[in-house]
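Per-entry structural report
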Amino acid sequence: MAAPNGLARIETHGGKKYVNGVCHDDSTPPVRAQTIDELHSMQRKRSAPTTPIKDGAASAFAAALSEEERHRQQLQSISASLASLTRETGPKVVKGDPARKGEAAAKGAPPPVHHHHHHHHPAAPTIGVSDSSLKFTHVLYNLSPGELYEQAIKYEKGSFITSSGALATLSGAKTGRSPRDKRVVKDAAAAQELWWGKGSPNIEMDEHTFLTNRERAVDYLNSLDKVFVNDQFLNWDPENRIKVRIISARAYHSLFMHNMCIRPTDEELENFGTPDFTIYNAGQFPCNRYTHYMTSSTSVDINLARREMVILGTQYAGEMKKGLFSVMHYLMPKRHILSLHSGCNMGKDGDVALFFGLSGTGKTTLSTDHNRLLIGDDEHCWSDNGVSNIEGGCYAKCIDLSQEKEPDIWNAIKFGTVLENVVFDEHTREVDYTDKSVTENTRAAYPIEYIPNAKIPCVGPHPKNVILLACDAFGVLPPVSKLNLAQTMYHFISGYTALVAGTEDGIKEPQATFSACFGAAFIMLHPTKYAAMLAEKMQKYGATGWLVNTGWSGGRYGVGKRIKLPYTRKIIDAIHSGELLTANYKKTEVFGLEIPTEINGVPSEILDPINTWTDKAAYKETLLKLAGLFKNNFEVFASYKIGEDGSLTDEILAAGPNF
């Protein structure tokens, strides 16, 4: 039947009830809440514990008791971590956000914990009661990315959601690591074991100064209403994983570490126990400049005996990641496991390759390969079980990032990813990756699962190929050379690349950079110790070493041209496929490198650098100049004897340039 305006009448009685002439749509009953607060509380469902109750006790009382006991032990452990060394008890800690009044109180606080420290310290005055012992510290424990987004956006200035769903954050005044402010406690054991002196990244501090800084950090964290606590793992090899606890004051730091470390399952978290290593990140608070050894308001301190790290005066999150990497460079070799600053991927047939290279050599680009599975992009262990990634995430550079050049990284920048120091449009929230206004060191931290061809779990068999990447801006190293064991050790210890640097008068010229083991900022022991372990493992498991130049050909920077990326990819493919193992080789002069005479898909004339230089005399001169730079750099290591008789040292020295 038509309505008066000629349109069909809308039928309203099908499935509807009329009560007192009012239509009620009864497809959903009204909510059961009496107040708006009650409605809000219904919106969030409590996470249930996942661990089954032992001894088959199925009663609700047993379940409640065991969860309560577990909860108490967990809080006790966190209170112990946050304990000052001069007070009898740790702080009173409760779980939950202080902004949600009443919720945390309902959960209750544990009794204060009494500590028995194994370290002997100068007798400290006992403080009976203090303001910090009267207050509660709220603990936000292993929050999810969604919860951390809310905390960051509510309470941290400079936190925004970008158009792709990532969380944009600011790291404050420091937008990179502060290697000159990093200190390691030099106690009797460390004095013996670690690498000290010229060329070493380890700058000493004493135990007392460390404890002073620790106290400052702990007092700062305890003075806050709330702290973030992450309990996570390092190393995907289950036999050799390390339990880490990160205590921080910023949601940004908590989310960053949630992404970068290995995320525990609920069950692993319930049985976490005491951590093997603890980070106190009080980065918003400066160190005391009057404290011995302090040279700025920033201090990043590692105490291997206490298994603790303290951060003061820098909010740059990379300090936590690289601090833990340094610790792994100490802990793993003690177990005869080699820790490596490298990328790692695996072919369909299970052939694993390690990629070493400093910044700008193409390590990330070449280890990200759509035909191969990614085990990890930065930090690995090589044990008797094979290789394993140390981390649970990737920390990618974002400067000039584009969807065409790096689609995997581009697509990984979504909900859950932390974007550090990027600039975005204030209205659309679209990130401008070319903008360096805040810093050139813009970064994205995301879980490794965000990369589509990541291999989960991140472990693999023993490597077949060890690829050392150098971007040689002098243009004299061949695009690829096959290395013998001694040469692999020599080039691994050297860790060479040449970056293009601007001089005072604006002339750009190549500058040689050497970083021992391709990661001198993070190694703890003498470089030759890692090199000897690498050679031993390569020999034992039959791996081949390669030196690949991704830099210039036909002349130095400004004269020659950068080797085309498709050619480098063809070279890497030929290494993976085994094609280069059966190729014909000839030896170069000075460096004595074995170079193949042909490679499928690569012009043969570029394989020997002398062919590409029109000025042969300039080539020889530049070659000798680079050889001299290698020799000078290696003098620091030449005096260090490896093995009982030092014969290995002589062998490595002989593998260097000869002129």
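Going by the structure above, here's the rest.
Here goes a summary of the coordinates provided.

Rules and cut-offs
Residues numbered from 1 in each chain as written. Predicted model: local features only at pLDDT ≥ 70, side-chain atom pairs only at ≥ 80, totals over all residues. Heavy atoms only, no water. Helix = DSSP H or I, 4+ residues; strand = E, 2+ residues; numbered from the N terminus. Buried < 20%, exposed > 50% of the residue type's maximum accessible area, 1.4 Å probe, protein only. Contact = heavy atoms within 4.5 Å. Axes fitted to C-alpha atoms, helices over the stretch in contact; angles between N-to-C directions. Parallel < 35°, antiparallel > 145°, perpendicular 65-115°, else oblique. Nonpolar A, V, L, I, M, F, W, Y, C, P; charged D, E, K, R; others polar. Pairing = 2+ DSSP bridges. Lys, Arg positive; Asp, Glu negative; His and termini not counted. Salt bridge = Lys/Arg side-chain N within 4 Å of Asp/Glu carboxyl O. Polar contact = N/O pair within 3.5 Å; in protein donor to acceptor, adjacent residues only side chain to side chain. Left-handed = near helix turned anticlockwise from the far one by under 90°. Patch = residues over 30% accessible without salt bridge, like charges linked within 9 Å, V, L, I, M, F, W, Y side chains within 5 Å. Areas by Shrake-Rupley, 256 points an atom, 1.4 Å probe, with all protein chains shown as cover. Expected span 1.5 Å × (residues − 1).

1. Describing the overall build of the protein
Each helix and strand counted, the protein has 18 helices and 34 strands in total. For the protein, the residues scored as buried account for 52% of the 659 residues in total. For the protein, restricting intrachain contacts to residue pairs at least 6 apart in sequence, the fraction spanning at least 24 positions comes to 72%.

2. Side note on the packing of helix 13 (residues 485-494) against helix 17 (residues 616-638)
Contact geometry of helix 13 with helix 17 gives a least axis separation of 10 Å together with a crossing angle of 90°. Judged by the inter-axis angle, helix 13 sits roughly perpendicular to helix 17. Contact with helix 13, carried on its side by Tyr490, His491, Ile493 and Ser494, involves Phe630, Lys631, Asn633, Phe634 and Phe637 of helix 17 and no other residues of that element. Of the residues contributing to the contact of helix 13 with helix 17, the split by class is five nonpolar, three polar and one charged.

3. Points about the sheet that holds strand 8 (residues 204-205)
Taken in spatial order, the nine strands make up an open sheet running 3-4-9-10-11-13-12-7-8, and their pairing is mixed. Only two strands of the sheet have a single neighbouring strand rather than two, namely strand 3 (92-95) and strand 8. Inspection of the sheet shows strand 7 (residues 182-185) paired to strand 8 by two bridges, in the parallel sense. The residue bridging valine 185 from the neighbouring strand is methionine 205, located in strand 8. Set on the sheet, helix 7 (residues 207-223) makes contact with strand 4 (136-141), strand 7, strand 8, strand 9 (226-234), strand 10 (242-248), strand 11 (277-282), strand 12 (299-303) and strand 13 (308-312); between it and strand 13 the angle comes to about 65°.

4. Description of the side chain of aspartate 97
Residue placement: aspartate 97 occurs in the loop between strand 3 and helix 3 (103-107). Of the side chains with opposite charge, lysine 226 comes closest to the buried, unpaired aspartate 97, at an N-O distance of 4.3 Å. Looking at aspartate 97, its side chain comes within polar contact range of the main-chain nitrogen of alanine 99, at 2.9 Å. Of note is the side chain of aspartate 97, whose polar atom sits 2.8 Å from the side chain of glutamine 151. Not counting the four nearest positions on each side in its chain, aspartate 97 is found in contact with His138, Leu140, Gln151, Tyr155 and Lys226.

5. Regarding the pairing of strand 16 (residues 352-356)
Burial runs high along strand 16: five of the five residues are buried. Both faces of strand 16 are covered, namely the face carrying Val352, Leu354 and Phe356 and the face carrying Ala353 and Phe355. One ladder, built from four bridges, connects strand 15 (residues 343-346) with strand 16; its direction is antiparallel. By the bridge assignment, methionine 346 is partnered in strand 16 with valine 352. Counted along the chain from strand 15 to the antiparallel partner strand 16, the turn is five residues long, and its residue glycine 350 has a positive phi close to 85°. For strand 16 and strand 26 (residues 463-470), the ladder comprises five bridges, and the chain directions are parallel. The residue bridging phenylalanine 355 from the neighbouring strand is isoleucine 467, located in strand 26.

6. Some words on unusual backbone geometry
In this structure, the amide linkage connecting isoleucine 456 to the following residue, proline 457, adopts the cis form with an omega of -5°. On the secondary structure map, proline 457 appears in the loop between strand 24 (443-447) and strand 25 (459-460). Even without glycine at this site, histidine 336 takes up a positive phi of about 60°. Summarising the element assignment, histidine 336 is placed in the loop between helix 10 (318-334) and strand 14 (338-341).

7. Overview of the packing of helix 13 against helix 14 (residues 527-541)
Put simply, helix 13 and helix 14 touch, their axes get as near as 9 Å, and they point 145° apart. Considering the relative orientation of helix 13 and helix 14, their crossing is right-handed. Along its contact with helix 13, which presents Leu485, Thr488, Met489, Phe492 and Ile493, the element helix 14 presents Pro527, Thr528, Tyr530, Ala531, Ala532, Leu534, Ala535, Met538 and Gln539. Taken together, the residues that form the contact of helix 13 with helix 14 break down as 11 nonpolar, three polar and no charged.

8. What to know about a nonpolar patch on the surface
Among the surface-exposed residues, Val31, Ile36, Leu39 and Met42 lie close enough to one another that they form a single nonpolar patch of about 360 Å² accessible area. Among the secondary structure elements, methionine 42 is positioned in helix 1 (residues 36-43).

9. What about helix 14?
Between its first and last C-alpha, helix 14 extends 21 Å over 15 residues, near the 21 Å set by a 1.5 Å rise per residue. Taken together, the buried positions of helix 14 are Pro527, Thr528, Tyr530, Ala531, Met533, Leu534, Ala535, Lys537 and Met538. With its phi angle positive at about 70°, glycine 542 sits one or two positions after the end of helix 14.

10. Side note on the sheet that holds strand 14
In space, the four strands of this open sheet follow the order 14-18-19-25, with antiparallel pairing throughout. Two strands in the sheet have a free side with no partner beyond their single neighbour: strand 14 and strand 25. As defined by bridge partners, strand 19 (residues 386-389) adjoins strand 25 across two bridges and the pair is classed as antiparallel. Its bridge partner lying in strand 25, valine 387 is registered against glycine 460. Across the sheet, helix 10 touches strand 14 and strand 18 (379-383), and the angle it forms with strand 14 is around 150°.

11. Looking at the environment of valine 476
Locating valine 476 in the fold gives a position in the loop between strand 26 and strand 27 (480-483). Accessibility expressed as a relative area gives 2% for valine 476, which makes it buried. In sequence terms valine 476 and tryptophan 613 are 137 residues apart; their C-alpha atoms lie 9.1 Å from each other.

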